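# Geometric and topological summary
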Amino acid sequence: MADNNTVTLVITHALKSGQAAHYEQWLGKIMPAAARYPGHLGVHVIRPTTGNDVYNIIIRFDTLENLTAWTKSAERETLVEEIKPVLRLDDHLEVRTENAFWFTPETPAVKRPAQWKQFLITLAVIFPSTNVVPRITAMLFPSLHGSLLLHFINDALVVALVVWLWMPVMTRLFAGWLKK
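A brief structural summary.

## Topic: the overall build of the protein
Within the protein one finds 6 helices and 4 strands. For the protein, the succession of helices and strands along the chain, N to C, is β-α-β-β-α-α-β-α-α-α. For the protein, buried positions account for 31% of its 180 residues. Of all intrachain contacts in the protein linking residues separated by at least 6 positions in sequence, the fraction that spans at least 24 positions is 69%. About 11200 Å² of surface is accessible on the protein, with carbon and sulfur atoms providing 63% of the total.

As structure tokens, this is what we get:
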């Protein structure tokens, strides 16, 4: 179980058209490099959906010091310089020091919502998503029924919906209740 010192680094990369294969090869180099650094807890890549060219890489470290050691390392700087020519926009980094970063207040003066409220909002997002998405994909891809590929598609769609649609909408919609 992670403690309260866990930090999350969210990296956003918008690619130039036709550069996904090159970028995927680069990910194959940078992800193992990051994993060798002390305190690395894992990485999750949210790949672009059709018609989109934005990758989001979520890396977790046990402490801010260990995350900083990785982000400021000569190894990472060299790898980022290597990929810059295929990026449409500069390397965008966001560090979150809270495990549930959707519920992190924008200013330190605002109190973080109670965990039971975070649980209810997250459940309200995850439960319908994990029940509706598989039904839709089963209709769209009947030949993939029961396959690992369909499971992956379902997971990817649920994560994308949660990250880019439902959690931002729900935390704004229930902001007053969450802050009480």
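From this point, the discussion proceeds with the structure in view.
## A look at helix H4 (residues 115–140)
Helix length check: H4 (26 residues) gives 37 Å between terminal C-alpha atoms against 38 Å at 1.5 Å per residue, within 8%. Among all positions in H4, only Lys-117, Gln-118, Ile-121, Val-125, Ser-129, Val-133 and Thr-137 are buried. Close packing links the buried residues of H4 with helix H5 (148–173) and helix H6 (175–179).

## So, the side chain of His-40
Mapping His-40 onto the fold places it in strand E2 (residues 40–46). Of the polar contacts made by the side chain of His-40, one reaches the backbone nitrogen of Gly-42; its length is 3.4 Å. Apart from the residues lying within four places of it in its own chain, the contact partners of His-40 are Ala-34, Ala-35, Ile-59, Arg-60 and Phe-61.

## Examining the packing of aromatic side chains
Scanning the entire structure with this criterion turns up 5 aromatic pairs. A centroid spacing of 5.7 Å and a plane angle of 85° characterise the contact between Trp-116 and Trp-177, whose relative ring orientation is edge-to-face. Taken together, the positions of Trp-116 in helix H4 and Trp-177 in helix H6 put the pair 61 residues apart, joining distant regions of the chain. Aromatic ring contacts, followed pair by pair, group Tyr-23, Trp-26 and Tyr-55 into a single cluster. The ring of Trp-177 carries Lys-117 above its face, with NZ or CZ at 5.1 Å from the centroid.

Criteria and thresholds
Residues numbered from 1 in each chain as written. Predicted model: local features only at pLDDT ≥ 70, side-chain atom pairs only at ≥ 80, totals over all residues. Heavy atoms only, no water. Helix = DSSP H or I, 4+ residues; strand = E, 2+ residues; numbered from the N terminus. Buried < 20%, exposed > 50% of the residue type's maximum accessible area, 1.4 Å probe, protein only. Contact = heavy atoms within 4.5 Å. Areas by Shrake-Rupley, 256 points an atom, 1.4 Å probe, with all protein chains shown as cover. Expected span 1.5 Å × (residues − 1). Polar contact = N/O pair within 3.5 Å; in protein donor to acceptor, adjacent residues only side chain to side chain. Phe/Tyr/Trp six-rings, centres within 6.5 Å; stacked < 30°, edge-to-face > 60°. Lys NZ or Arg CZ within 6 Å of the ring centre and 35° of its normal.

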